[in-house]
Amino acid sequence: MLWGTFGIIHILSLVFALLLNVALYFVLKRCPQKIQIIVLGILSFSGIAAIIYNLVAWDSPLEYLPLHLCSLNALILPFAVFTRNKVVANLTLLWSLGAAVALILNHAVASAEVLDPVFCFYFFPHVFEMSIPILLFKLGLCKLDAKCIISTVGITGGVYTVIHFINVALNNYCIENNILDWAGNVIQVNYMYSITPDNPVLVLFHNLIPHSFWYMLPAVLIAAVYLGAIYGIAALVMKKKAN
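These numbers come from a predicted model, not from an experiment.

(A) Spotlight on helix 6 (residues 117–138). Taking 1.5 Å of rise per residue, the 22 residues of helix 6 would be expected to cover 32 Å, and the 31 Å separating its terminal C-alpha atoms lies within 8% of that figure. Residue serine 131 marks the point of greatest curvature in helix 6, where the axis turns by about 30°; the proline proline 133 follows within four residues. A positive phi of about 80° marks glycine 140, the residue just after helix 6.

(B) Expanded view of a positive patch on the surface. The grouping of Lys29, Arg30, Lys138 and Lys241 at the surface amounts to a positive patch. Inspection of the secondary structure puts lysine 29 in helix 1 (residues 8–29).

(C) Local environment of a nonpolar patch on the surface. Residues Ile52, Leu55, Val56, Trp58 and Tyr64 make up a contiguous nonpolar surface patch of roughly 460 Å² in combined accessible area. Position of valine 56 relative to the elements: it lies in helix 3 (residues 46–57). Under the relative-accessibility criterion, valine 56 is labelled exposed at 62%.

(D) Region of interest: the packing of aromatic side chains. This structure, assessed with the given rule, holds 13 aromatic pairs. Between tryptophan 3 and phenylalanine 123 the ring centres are 5.8 Å apart and the planes differ by 90°, which places this aromatic pair in the edge-to-face class. In this pair, tryptophan 3 sits in the segment before helix 1 while phenylalanine 123 sits in helix 6, placing the two residues 120 residues apart along the sequence. On the basis of relative accessibility, which here comes to 1%, the residue tryptophan 3 falls in the buried class. Taking the centre distance of 5.1 Å and the plane angle of 25° together, the rings of tyrosine 160 and phenylalanine 213 count as stacked. A residue pair is termed long-range when its members are at least 10 positions apart, and tyrosine 160 in helix 7 (residues 148–177) and phenylalanine 213 in the loop between helix 8 (200–208) and helix 9 (217–242) qualify at 53 residues. Taken as a pair, tyrosine 160 and phenylalanine 213 share a single burial class, namely buried. A network of ring pairs unites the aromatic residues Trp3, Phe16, Phe119, Tyr122, Phe123 and Phe124 as a single cluster.

(E) Spotlight on the packing of helix 1 against helix 6. Across the interface, helix 1 lies against helix 6 with an axial gap of 10 Å and an inter-helix angle of 35°. The two elements helix 1 and helix 6 meet at a crossing, and its hand is right-handed. Across from Ser13, Phe16, Ala17, Leu20, Asn21, Leu24 and Tyr25 in helix 1, the residues of helix 6 making contact are Phe123, Phe124, Val127, Phe128, Met130, Ser131, Leu135 and Lys138. Class assignment for the residues of the contact of helix 1 with helix 6 results in 11 nonpolar, three polar and one charged.

(F) Focus on unusual backbone geometry. The phi angle at tyrosine 193 is positive, at roughly 55°, despite the residue not being glycine. Look at phenylalanine 213: it is not a glycine, yet its phi comes out positive at around 70°.

(G) The arrangement of the packing of helix 4 (residues 69–83) against helix 6 in detail. One way to put it is that helix 4 packs onto helix 6 with a least axis distance of 10 Å and a crossing angle of 40°. Put simply, helix 4 runs oblique to helix 6. Crossing of helix 4 over helix 6 shows left-handed handedness. Of the residues in helix 6, those touching helix 4 at Cys70, Asn73, Ala74, Leu77, Ala80 and Val81 are His126, Phe128, Glu129, Ile132, Pro133 and Leu136. In terms of residue class, the contact of helix 4 with helix 6 is made up of nine nonpolar, two polar and one charged.

Rules of the game
Residues numbered from 1 in each chain as written. Predicted model: local features only at pLDDT ≥ 70, side-chain atom pairs only at ≥ 80, totals over all residues. Heavy atoms only, no water. Helix = DSSP H or I, 4+ residues; strand = E, 2+ residues; numbered from the N terminus. Expected span 1.5 Å × (residues − 1). Bend = angle between axes of the 7 residues up to and from the residue. Patch = residues over 30% accessible without salt bridge, like charges linked within 9 Å, V, L, I, M, F, W, Y side chains within 5 Å. Areas by Shrake-Rupley, 256 points an atom, 1.4 Å probe, with all protein chains shown as cover. Salt bridge = Lys/Arg side-chain N within 4 Å of Asp/Glu carboxyl O. Lys, Arg positive; Asp, Glu negative; His and termini not counted. Charge placed at Lys NZ, Arg CZ, Asp CG, Glu CD. Buried < 20%, exposed > 50% of the residue type's maximum accessible area, 1.4 Å probe, protein only. Phe/Tyr/Trp six-rings, centres within 6.5 Å; stacked < 30°, edge-to-face > 60°. Axes fitted to C-alpha atoms, helices over the stretch in contact; angles between N-to-C directions. Left-handed = near helix turned anticlockwise from the far one by under 90°. Contact = heavy atoms within 4.5 Å. Nonpolar A, V, L, I, M, F, W, Y, C, P; charged D, E, K, R; others polar. Parallel < 35°, antiparallel > 145°, perpendicular 65-115°, else oblique.

Set out below in structure tokens:
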């Protein structure tokens, strides 16, 4: 069965992802904190496993460096789980959006057969990269802190800027040295999509601001609204409980 995009198999997989994480929450809710941390810690390494798989399986390391938002989130998740560092844990709430988008706009692997290694190393790591940050807070392992909005946006903006220059440097290097991909084309990377859009949402951004790097500015507004909603709802819930 092909995974597809917005077909019945794809939609069922998204429903399965939701149910899997709801079930995981209710199971872990009954467990001691130590068990919660161990289970989430083990699951948090699934993203790193996917990074290693992609580096090895596709034999093109320049094109599969862990520089997309999902991969960056995968790298910091184990640290967030085992240390419950406030800044890092709150940061993963925003970075986990990349995993959610990757599951919904899955065109890069839509032609993969369900349960093939390509599908498994894409689907399950993204599911856990999306859900573990939420579970950390729902289970009370970490605390939401609205003050972290500044660090979250600042770190994300700084990382995006650095990666944009990495994209430029790698692309120039590949052109100058004629580094080719499997199809015989010069490798051109686009980590965090700072060079060109890669899905309908980013195409819309690019239509509004038709320039590399800068076209992502609307994402800042979306991030602000998203984080504002999370921390705002949390504040309302806490206020209601206090009353």
